[in-house]
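Understanding the architecture of this molecule
Here's the letter readout for the chains.
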Amino acid sequence: MADAHALAHEIADAYAHRREIAVPPSARDGGLDLATAYAVEAQLVRLRSAAGQRTLGRKVGFANKAMWRALKLDTLVWAHIYDDTVRYAKHDRAELPLGRMYSPKIEPEIVFRLNGPLEEGVTDAIAVLERVEWLALGFEIIDCVFPGWTFTPADFVASYGLHAGLVVGTPLLISGANRAALAEHLPAFTVTLSKNGVVAAEGSGKNSLRSPALSLGELASAIARQPGVQPLAAGELISSGTLTESQPIAVGETWTAEIEGLDVPALTVRTVD
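Residues numbered from 1 in each chain as written. Predicted model: local features only at pLDDT ≥ 70, side-chain atom pairs only at ≥ 80, totals over all residues. Heavy atoms only, no water.

Considerations on the side chain of S215
In this structure, S215 sits in helix α7 (residues 212-224). When neighbours within four sequence positions are excluded, S215 is seen to be in contact with V60, A63, L76, S208, L209 and S240. (Helix = DSSP H or I, 4+ residues; strand = E, 2+ residues; numbered from the N terminus. Contact = heavy atoms within 4.5 Å.)

Considering the packing of aromatic side chains
Here the structure, examined in full by the defined rule, presents six aromatic pairs. Both rings, one in F62 and one in F151, keep their centres 6.5 Å apart while their planes meet at 75 degrees; by these two values the pair is edge-to-face. With F62 in the loop between β1 (55-61) and α3 (65-71) and F151 in the loop between β6 (132-143) and α5 (153-158), this residue pair connects regions lying 89 residues apart in the sequence. For F151, a relative accessible area of 25% puts it in the partly exposed group. F62 gets classed as buried once you look at its relative accessible area, which sits at 14%. Clustering of aromatic rings is evident, with ring pairs tying together F62, W149, F151 and F156. Against the face of W78 rests R58, its NZ or CZ located 5.5 Å from the ring centre. (Phe/Tyr/Trp six-rings, centres within 6.5 Å; stacked < 30°, edge-to-face > 60°. Buried < 20%, exposed > 50% of the residue type's maximum accessible area, 1.4 Å probe, protein only. Lys NZ or Arg CZ within 6 Å of the ring centre and 35° of its normal.)

Quick notes on the packing of helix α1 (residues 4-16) against helix α2 (residues 34-50)
Two numbers describe how α1 lies on α2: the axes approach to 8 Å, and their chain directions differ by 60 degrees. With respect to each other, α1 and α2 are oriented oblique. Two packed elements cross with a definite hand, and for α1 against α2 that hand is right-handed. Between α1 and α2, the residues in contact are A4, H5, L7, A8, H9, I11 and A12 and T36, A39, V40, Q43, L44 and L47, respectively. Across the contact of α1 with α2, the residue classes tally to nine nonpolar, four polar and no charged. (Axes fitted to C-alpha atoms, helices over the stretch in contact; angles between N-to-C directions. Parallel < 35°, antiparallel > 145°, perpendicular 65-115°, else oblique. Left-handed = near helix turned anticlockwise from the far one by under 90°. Nonpolar A, V, L, I, M, F, W, Y, C, P; charged D, E, K, R; others polar.)

Observations regarding α1
With 13 residues, α1 extends 18 Å from end C-alpha to end C-alpha; this agrees with the ideal 18 Å at 1.5 Å per step. If you check which residues of α1 are buried, you get A4, L7, A8, I11, A12, A14 and Y15. In an axial view of α1, the angular spread of the buried residues amounts to 160 degrees, which keeps them on one side of the axis. Here the buried face of α1 lies against α2, β6 and α5. N-capping of α1 is provided by D3, with a side-chain oxygen placed 3.0 Å from the backbone N of H5. (Expected span 1.5 Å × (residues − 1). Arc of directions from axis to C-beta. Polar contact = N/O pair within 3.5 Å; in protein donor to acceptor, adjacent residues only side chain to side chain.)

A look at the sheet that holds strand β13 (residues 254-260)
Taken together, five strands build an open sheet; the order of strands is β4-β14-β13-β9-β10 and the sheet is mixed. Because the sheet does not close on itself, it has two edges, and the strands there are β4 (93-97) and β10 (198-204). For this sheet, the mean inter-axis angle between neighbouring strands, taken without regard to orientation, is 20 degrees. In this sheet, strand β14 (residues 267-272) lies alongside β4 in parallel orientation, the contact comprising five bridges. Note that in β14 the partner of L96 across the bridge is T271. (Pairing = 2+ DSSP bridges.)

Re the nonpolar core
Ranked by internal contacts, the top residues of the largest apolar core, which has 83 residues, are F112, L129, L135, F139, L216 and L232. Counting residues in each nonpolar core, the second largest holds nine residues, with V111, A136, V168 and L237 among its members. (Core = buried A, V, L, I, M, F, W, Y, C linked by side-chain atoms within 4.5 Å.)

Remarks on the side chain of E218
Along the chain, E218 falls in helix α7. Of the side chains with opposite charge, R225 comes closest to the buried, unpaired E218, at an N-O distance of 4.9 Å. If we ignore the near neighbours within four places in the chain, the residues touching E218 are W68, D74, T75, L76 and L209. (Lys, Arg positive; Asp, Glu negative; His and termini not counted. Salt bridge = Lys/Arg side-chain N within 4 Å of Asp/Glu carboxyl O.)

Next up, the structure:
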């Protein structure tokens with residue numbers, strides 16, 4: 001069985017020095033199960049805390065039930081996000097430094113900020129949104145140190161959930177006046193992701209577990225399956241799963257996500273070294 005402490009240090013070192021890990025943990029003798037992967041993820045939180053960073057929330061991965069069947073998952077997977085990886089776009093535009101990343105990609109996602117705790121078992125979209133202060137369009141930046149972006153869900157969890165950054169656009173406040181309408185629109189909106197003005201990918205809200213709100217509810221239940229893990233709490237930011245296929249990014253590019261069917265502005269990032 002993998003040593004969670006040693007593996008956390010290996011993975012942290014690989015990301016810190018932009019160094020490939022030739023053999024993913026799951027492909028080594030003894031493999032890597034999800035329970036151990038979450039122990040590695042918890043150790044990574046402790047390492048970052050000791051270095052002065054704090055967690056701001058969580059991100060989800062594999063928010064697609066067809067993938068669950070193929071990968072023999074019972075639920076989505078998740079990892080923490082941090083105060084040194086999250087930035088808010090000013091007027092929905094931001095610069096995104098890539099110099100410390102190894103092989104980055106970009107994903108448009110819906111980001112939620114919780115106004116209270118969210119426990120397991122909340123499966124109705126309106127009820128989930130009652131725990132949400134606001135939502136925004138965001139860019140989740142992912143980075144992988146495994147060859148060819150080949151990894152299992154356990155490798156994903158044990159490597160920060162591939163989380164390298166989160167850019168958050170202008171928030172849309174949620175209240176009793178718009179909650180029901182948002183629950184209806186979240187599965188149906190469409191998104192276009194463009195690189196330098198040319199469409200690179202398209203998607204919709206249903207790509208995140210049929211609705212980003214339902215993905216958020218499922219995250220609460222997934223967290224509850226891990227012993228000793230704190231449930232979702234007020235103030236947490238949640239990046240709820242990609243809306244399109246992830247796209248590789250490089251320095252000197254301009255990426256824009258535009259949504260139709262949801263009252264949030266377009267979000268643009270310019271990649272820099």
